[in-house]
Amino acid sequence: MNANMLMIHYGELSTKGDNRKAFIACLLHNVRVALKPFGLESKGDRDHIYVYLKENDYRPVMDRLKEVSGIQRISVVMKCGPTLEEMRSSALALLKEEGVHSFKLDVKRVNKRFPLDSYGIAVDIADYILERADFAVDLHTPDAKMQITLREDACYLSCHDELGLGGYPLGMIGKVTMLLSGGIDSPVAAYALIRRGIRVECLHFASPPYTSTAVIDKLRDILACLNNYQADIKLQILPFTKLQEAIYANVPEPYCITIMRRMMIRLAVAMAKKNHALAVATGESIGQVASQTLESIGVIEEVTNFPILRPLAVEDKLGIIEKSKRIGTYDISIRPFEDCCTIFKPRRPKTKPKLDDCLEYEKRFDYELLIQECLAGVETIYYSEGKETFPK
Amino acid sequence: MIYLDSAATTLPRKEVLDCFVLAASKDYANPSSAHGFGRQAERALEEARKGLLDAFSLGKTHQALFCSGATEANNLALKGIALQYRNRGKKILVSSVEHPSVLEPAAFLAKEYGFDVVLLPVNEWGRVEPKTLEAAMDNQVILVSIMGVNNETGAVNDLRALSEIAHRYPKCYFHSDLTQAIGKVDVPYSCLDLFSYSGHKLHGIKGSGALVYKNSLRFVPVLHGGGQEFGFRSGTVSLPLCASLSLATALSLKERSVNLSFVQGLNQALVAGLDPSFVRWNSSSEGSPYVANFSLTKHKASVLVEALSREEIYVSSASACSSRTDKTSKVLLAMGKTKEDADNAIRVSFDASNTLEEVRIFVATMNRLFKEVHAR
């Protein structure tokens, strides 16, 4: 095999000044973790990370790398010495391997001291190829477009590249507490955060017996999907039943959901602070349900000044569904179990709740005590590479 | 743990498991093999078959075909008979509360082969009234399939009267799914042209079952292949499963009447104990005491099943109820119950291994949960 290397192109690192080195080190670490099962060596420099395939097929390695955030593009490359002779024979060998008919050469001369300019190099190599093989040059619709990058120490040739996940390397931006219900939206929101380089820790509100314990199995399967993008995920399960029952006993029905969401945010912020997370994140999408109107969000968020991220705020439901299918969580999310938001659903939930009313209703019961009780009962589970692991 | 879901499945008896292990390790030859070792396995298989038929006292008139369970047996009964005798008529009658393994093959025959499938309505207690069948019968009917005991409600059909009506028409065969009936209620086996059941409902092993049929019947096979089981069900026969089914069947029929009166006591304790302001009964005292079905008047069935499960008490909600998917009990709807009742039904099913103490604990737990758990 001639193309025996993968070249990883960085994402939006050009906007990073002094942090660049740290970002690259972080990405290199993540790449090495992802490639550990393959036993491949890799090396990073200012512009790229190189993965040495040895005799391995590039496909599974490429597929794995496409799940690592912070990678813009991945090319399958062949490396040769920085001389015209080596470039000529390597280009011919690579094209023969690709089994194509027409080709186009795209030369990038990074080493400006090379005697020929990039056009000169392209013409020279093309002449060499056309003399020795039954290929044709086609500048508009070539079967293979070969990228030739000439550096001082070596030359890299590539006919094939694919887009990566984009975003930033995971772990560079800190971590957030993600509210995970088991529905369609929250796993997609978690994925969006991870893709951006933000580490997520998940918090689930459980209301047994109103919610089934089977929901936890569902979350386990969802986290196994997300483990492809973040190798270790912490899931915390918070017992919410008593507080929820108190809400329904004391608050008028139309306000139950609003007050419930206010309590959830209070609990989530407390958990986030405890875990040293920098923000709380939810899968809310503006306008989707009664508690997600702008009026509701305003009244709910009034309980805290802690940052709340809503990665799906303006996404269409269909777009969210499409993404959840792509990351593999859709079929898990639609399994029919109730979560804490769907039980005792009010017949007419308030879409434009008023803050004064909320404050008034919350005075009717001692929720602070119940909140402390909820927090004391939190259980923690870790998921690593699709399997439950013990706390570290 | 209190297990009150025996209509779903039962614990295999120790004798049955021992029988399985012995047959699997001693007579592991293929019964179809021509050599001596194979013939030894074949003899053991035929003994199992004879034992099964003798347990029903049908050794002279009927034949038994071993298969994987009631679903397969029902498929073969419906499709096999309908296709074999389709030149005699194109009408099939099935009760509207049959198990899906009867209803779906019937729907398949209607869709793919143009059979006229008539769903027989049931009365408010889930039984097919003989006069309903009488009115639906005509010369075109080649098969009637009516279950012995309903799996959700325990309703018992009068198979003697129903089969007698069907047999007034000489071209018509009468089939019954006896999965919840064998070893539990009294069944007039000799009146039936064919019947199906599963081993695991009577302390046998999952994956074993049989279709018992009158000697003269022929089937178009569902599984084609090496021609085992009289050519009607190809595939290497599992002697261990067949032998264990035969034993489980014989034992459960032998203990039937003793167990029945004991389970009646359990059922009565349940009916008398549950707070009547929270339940509406879907099972009648004339049904099988092994199955008790009631709808919750104020609570969600799925929530109570979960709450019971957290206390290690296991029952079924007749519907895997959820706000997101519609899983309303079709059986209860067919009995004329409201959608709310059909959505919130609980099935308690007994077994002779349950105790009166277990029923008392269940009743007390339910009555407590009715007050503790938020209503729907």
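Quick note: structure is the one above.
Conventions adopted
- Residues numbered from 1 in each chain as written.
- Chains lettered and ligands numbered in written order.
- Predicted model: local features only at pLDDT ≥ 70, side-chain atom pairs only at ≥ 80, totals over all residues.
- Heavy atoms only, no water.
- Phe/Tyr/Trp six-rings, centres within 6.5 Å; stacked < 30°, edge-to-face > 60°.
- Helix = DSSP H or I, 4+ residues; strand = E, 2+ residues; numbered from the N terminus.
- Buried < 20%, exposed > 50% of the residue type's maximum accessible area, 1.4 Å probe, protein only.
- Lys NZ or Arg CZ within 6 Å of the ring centre and 35° of its normal.
- Axes fitted to C-alpha atoms, helices over the stretch in contact; angles between N-to-C directions.
- Parallel < 35°, antiparallel > 145°, perpendicular 65-115°, else oblique.
- Contact = heavy atoms within 4.5 Å.
- Nonpolar A, V, L, I, M, F, W, Y, C, P; charged D, E, K, R; others polar.
- Expected span 1.5 Å × (residues − 1).
- Pairing = 2+ DSSP bridges.
- Right-handed = clockwise from strand over helix to strand, strands pointing away.
- Salt bridge = Lys/Arg side-chain N within 4 Å of Asp/Glu carboxyl O.
- Patch = residues over 30% accessible without salt bridge, like charges linked within 9 Å, V, L, I, M, F, W, Y side chains within 5 Å.
- Areas by Shrake-Rupley, 256 points an atom, 1.4 Å probe, with all protein chains shown as cover.
- Core = buried A, V, L, I, M, F, W, Y, C linked by side-chain atoms within 4.5 Å.

1. Describing the packing of aromatic side chains
- The full count for this structure, using the stated rule, is 19 aromatic pairs over all chains.
- With centroids separated by 6.3 Å and ring planes inclined at 75°, the aromatic side chains of F103 of chain A and F135 of chain A adopt a geometry described as edge-to-face. One end of the pair, F103 of chain A, is in strand 5 (residues 102-109); the other, F135 of chain A, is in the loop between helix 4 (118-132) and strand 6 (136-137), with 32 residues separating them in the sequence. Per residue, the accessibility class of F103 of chain A equals that of F135 of chain A, and both read buried.
- Ring geometry for Y213 of chain B versus F219 of chain B: centroids 4.9 Å apart, planes at 85°, classification edge-to-face.
- Classification of F219 of chain B as buried rests on a relative accessible area of 2%.
- Members of the aromatic cluster, connected to one another through ring pairs, are F56, Y189, F195 and Y197 of chain B.
- When the ring centre of Y330 of chain A is taken as reference, the NZ or CZ atom of K325 of chain A above it lies at 4.9 Å.
- Over the ring of W125 of chain B we find K337 of chain B; its NZ or CZ atom is 5.3 Å from the centre of that ring.

2. A word on the packing of helix 8 (residues 256-274) of chain A against helix 12 (residues 355-362) of chain A
Residue and element names in this part refer to chain A.
- It is the contact of helix 8 with helix 12, at a shortest axis distance of 10 Å, that shows an interaxial angle of 75°. The pairing of helix 8 with helix 12 is recorded here as roughly perpendicular in orientation. In this structure, helix 8 uses T258, I259, R262, M263 and R266 to contact helix 12, whose residues at the interface are L355, C358, L359, Y361 and E362.
- The class makeup of the residues in the contact of helix 8 with helix 12 is six nonpolar, one polar and three charged.

3. A word on helix 6 (residues 214-226) of chain A
All names here are of chain A.
- Its 13 residues give helix 6 an end-to-end C-alpha distance of 19 Å, which sits within 8% of 18 Å, the value for a rise of 1.5 Å per residue.
- Residues A214, V215, I216, K218, L219, I222, L223, C225 and L226 constitute the buried set of helix 6.
- Summarising the contacts, the buried residues of helix 6 are in contact with helix 5 (185-195), strand 10 (199-206), strand 11 (232-239), helix 10 (317-327), helix 11 (330-333) and strand 14 (379-384).

4. So, the side chain of S95 of chain B
- Along the chain, S95 of chain B falls in strand 3 (residues 91-95).
- If near-sequence neighbours (up to four positions away) are discounted, S95 of chain B is found in contact with L103, L119, L120, V128, S145 and I146 of chain B.

5. Concerning the pairing of strand 6 (residues 173-177) of chain B
Residue and element names in this part refer to chain B.
- Most of strand 6 is tucked away, with five of its five residues classed as buried.
- Along strand 6, one buried face is formed by Y173, H175 and D177 and the opposite face, lined by F174 and S176, is buried too.
- Here strand 5 (residues 141-145) runs beside strand 6; their pairing, made up of three bridges, is parallel. Bridging from a neighbouring strand, S145 pairs with H175 of strand 6.
- One crossover worth recording links strand 5 to the parallel strand 6 by way of helix 6 (residues 159-166), and it is right-handed.

6. Considerations on the environment of Y28 of chain B
Residue and element names in this part refer to chain B.
- Among the structural elements, Y28 can be located in the loop between helix 1 (14-26) and helix 2 (36-55).
- On the accessibility criterion, Y28 (59% relative accessible area) is exposed.
- Sequence separation between Y28 and E47 is 19 residues, and the spatial gap between their C-alpha atoms is 15 Å.
- Residues within four places of Y28 in sequence aside, it is in contact with A23 and F37.

7. Notes on the pairing of strand 4 (residues 71-80) of chain A
Residues and elements named next belong to chain A.
- For strand 4, the tally of buried residues reaches seven of ten residues, placing the bulk of the element in the interior.
- Where strand 1 (residues 5-10) meets strand 4, six bridges bridge the pair, whose relative direction is antiparallel. Each bridged residue has a counterpart across the sheet, and for M5 the counterpart in strand 4 is V77.
- Pairing of strand 4 with strand 8 (residues 155-166), which is carried by nine bridges, proceeds in the antiparallel orientation. Its bridge partner lying in strand 8, M78 is registered against L157.

8. What to know about the pattern of salt bridges
Residues and elements named next belong to chain A.
- What the rule picks out here adds up to 44 salt bridges over all chains.
- Ionic pairing is found between R59 and D63, a salt bridge with its closest N-O pair at 2.9 Å. With R59 and D63 both in helix 2 (residues 58-65), this residue pair falls four residues apart, about one helical turn.
- The class for D63 is partly exposed, based on a relative accessible area of 37%.
- We note a salt bridge from E67 to R64, for which the minimum N-O separation is 2.7 Å.
- In the salt-bridge network here, residues are joined through shared partners; they are R59, D63, K66 and E162.

9. Considerations on a nonpolar patch on the surface
Residues and elements named next belong to chain A.
- Taken together, the side chains of L130, V137 and L139 define a hydrophobic patch exposed on the protein surface, amounting to about 250 Å² of accessible area.
- Positionally, L139 belongs in the loop between strand 6 and strand 7 (144-150).
- Judged by relative accessible area, L139 falls into the exposed class, the value being 53%.

10. Quick notes on the nonpolar core
- Ranked by internal contacts, the top residues of the largest apolar core, which has 59 residues, are F56, V144, F195 and Y197 of chain B.
- Per-element tally for this core: the top contributor is helix 7 (residues 239-254) of chain B, with seven residues.
- Core analysis: the next-biggest nonpolar cluster, separate from the first, contains 52 residues, I74, C80, V100 and C159 of chain A among them.

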